[in-house]
Amino acid sequence: MDKREFLKGSAAAAAAMVMKLNKANALPNDSVPRTNWSGNYHYSTDKVLQPASVAETQDAVRSVTGVRALGTRHAFNGIADSQIAQISTLKLKDISIDTKASTVTVGAGIRYGDLATVLDAKGYALHNMASLPHISVGGACATATHGSGMGNGNLSTAVRAIEFVAADGSIHTLSREKDGDRFAGAVVGLGALGVVTHLTLQVQPRYDMTQIVYQDLPFSELEHNFAAIMGAGYSVSLFTDWQKGVASEVWIKRRVDQGGTSTPPARFYNATSATKKLHPIVDHPAEACTDQLNIVGPWYERLPHFELKFTPSSGQELQTEFFVPFDRAYEAVRAVETLRNVITPHLYITELRAIAADDLWMSMAYKRPSLAIHFTWKLESEAVMKVVPQIEAKLAPFEARPHWAKVFTLKTNQLAKVYPRMADFRALAKEFDPKGKFQNAFLRDHVDA
């Protein structure tokens, strides 16, 4: 978004850097930033261990009485915080492709943007990516971070196996093929089971995409056409500031192998096609955004909203997001809209996205196709924390589930009502962490694991 500072870099150089970082020695502890990406959350410890291998991760876990895993610091709350120590996964960046199984096994600290360039060069692709490609695979999957698409599950649905170090330093691997339900409980693990070291992801043959943008889609069109609108492409995003009863922009990402090069119509549900490249925030510079105007490009340069060569160095913002059942999406949007005059003064933009249902216990889309209502706020913490509970109240009738890594106020007793497997998750966490080494204030407040 416009509030981020962007540093230009080469995608090829990023891939080379992955290999270089694997060989580098651990950085000194004071080189690790002590706030999250946006600067709104300050971590409670200065002790940051930075293992460069699984064996070093085991030693690190054994060396402390309490610890939390830390990735690219993109969480906007205390989910990665610890009073005692943190273990950074950013030096775990190895990549191994299994061509027979169509999978890739990666170190948990690798960023999606770096992984994507390597995969594409080898002829492979992922099924989805988040709007920003700089987040780590481990952190994204542990919090059910997503992307968009009526038929696309969140990023963690690509996981086929997960390797982690438990509280006693032992290594455990769970796979979808062999461990079924326990695997489904562990993938979106919120850091409660251990420090994830590797994940195996399903890949597919690489593909190309196009992206088109429409402007000013009336909310009234959503009442009877929500599914058709959100299903108009492989991935679709609607942006709004809530003030004019419209989605100011509709971003439609289409796969070339699914007709993505066809000429788009000039009008789309009473929205008009854009004639120039646009930023999600109207009238802001679009240089950093991925190409639009139906220009063909590789999957990893279309699924995110921002180009890989523009890597956010800091984000002066807050984020909140709630998932509601898609069959009640229109009602939920209209419910939030009633707060428009409370929301807009503190808002950069809201994005609406669809996510397919999955079977992962702690996923926000568990057992239900969902609409994600995402708020990118100005960095006005006090004001935002007054608005968020009002949004939660409006969305309570829809059994809204908050994104685990973003700002929300709902507590364990409220969340247990919308996560039917929460008690099972607590039991699974206790199995691998009987003394609570990985517990922190966030888990006690929201999961009580």
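Before reading further, recall that the structure is shown in the block above.
Scope of this entry: the structure provided in the associated data block.

What counts, and where the lines are drawn
Residues numbered from 1 in each chain as written. Predicted model: local features only at pLDDT ≥ 70, side-chain atom pairs only at ≥ 80, totals over all residues. Heavy atoms only, no water. Axes fitted to C-alpha atoms, helices over the stretch in contact; angles between N-to-C directions. Helix = DSSP H or I, 4+ residues; strand = E, 2+ residues; numbered from the N terminus. Parallel < 35°, antiparallel > 145°, perpendicular 65-115°, else oblique. Contact = heavy atoms within 4.5 Å. Left-handed = near helix turned anticlockwise from the far one by under 90°. Pairing = 2+ DSSP bridges. Phe/Tyr/Trp six-rings, centres within 6.5 Å; stacked < 30°, edge-to-face > 60°. Buried < 20%, exposed > 50% of the residue type's maximum accessible area, 1.4 Å probe, protein only. Lys NZ or Arg CZ within 6 Å of the ring centre and 35° of its normal.

For the rest of this paragraph, the subject is the packing of helix H5 (residues 176–186) against helix H11 (residues 422–432). For the pair H5 and H11, the least separation of the axes is 10 Å and the interaxial angle reads 90 degrees. Here H11 runs roughly perpendicular to H5, going by the angle between their axes. Contacts between H5 and H11 involve Arg182, Gly185 and Ala186 from the former and Phe425, Leu428, Glu431 and Phe432 from the latter.

Let's shift gears to the packing of helix H6 (residues 222–230) against helix H7 (residues 329–337). One can describe the packing of H6 onto H7 by two numbers: an axis separation of 9 Å at closest approach and a directional angle of 120 degrees. As judged from the angle between their axes, H6 and H7 are oblique. Handedness of the crossing formed by H6 with H7: right-handed. Taken together, the residues of H7 that come into contact with H6 (itself represented by Leu222, Glu223 and Phe226) are Ala329, Tyr330 and Val333.

On the basis of which strands lie adjacent, the open sheet formed by three strands has the order S2-S4-S3 and parallel pairing. Bordering the open sheet on either side are strand S2 (48–49) and strand S3 (68–70), each of which pairs with just one other strand.

This model, assessed by the stated rule, comprises 16 aromatic pairs. When the centroid spacing of 5.0 Å and the interplanar angle of 85 degrees are considered together, the rings of Phe164 and Phe432 count as edge-to-face. In this pair, Phe164 sits in strand S8 (residues 159–165) while Phe432 sits in helix H11, placing the two residues 268 residues apart along the sequence. Considered together, Phe164 and Phe432 belong to a single accessibility category, that of buried residues. With a centroid separation of 5.1 Å and an interplanar angle of 35 degrees, the aromatic rings of Trp404 and Tyr419 are classed as tilted. A residue pair is termed long-range when its members are at least 10 positions apart, and Trp404 in the loop between strand S22 (401–402) and helix H10 (412–415) and Tyr419 in the loop between H10 and H11 qualify at 15 residues. Like Tyr419, Trp404 is buried. Three or more aromatic residues link up through ring pairs in this structure, and these residues are Tyr207, Tyr234, Trp299 and Tyr300. Over the face of the ring belonging to Tyr207 we find Arg255, whose NZ or CZ atom lies 3.7 Å from the ring centre. Here Arg401 stacks its cationic end above the ring of Tyr419, 5.2 Å away from the centre of that ring.

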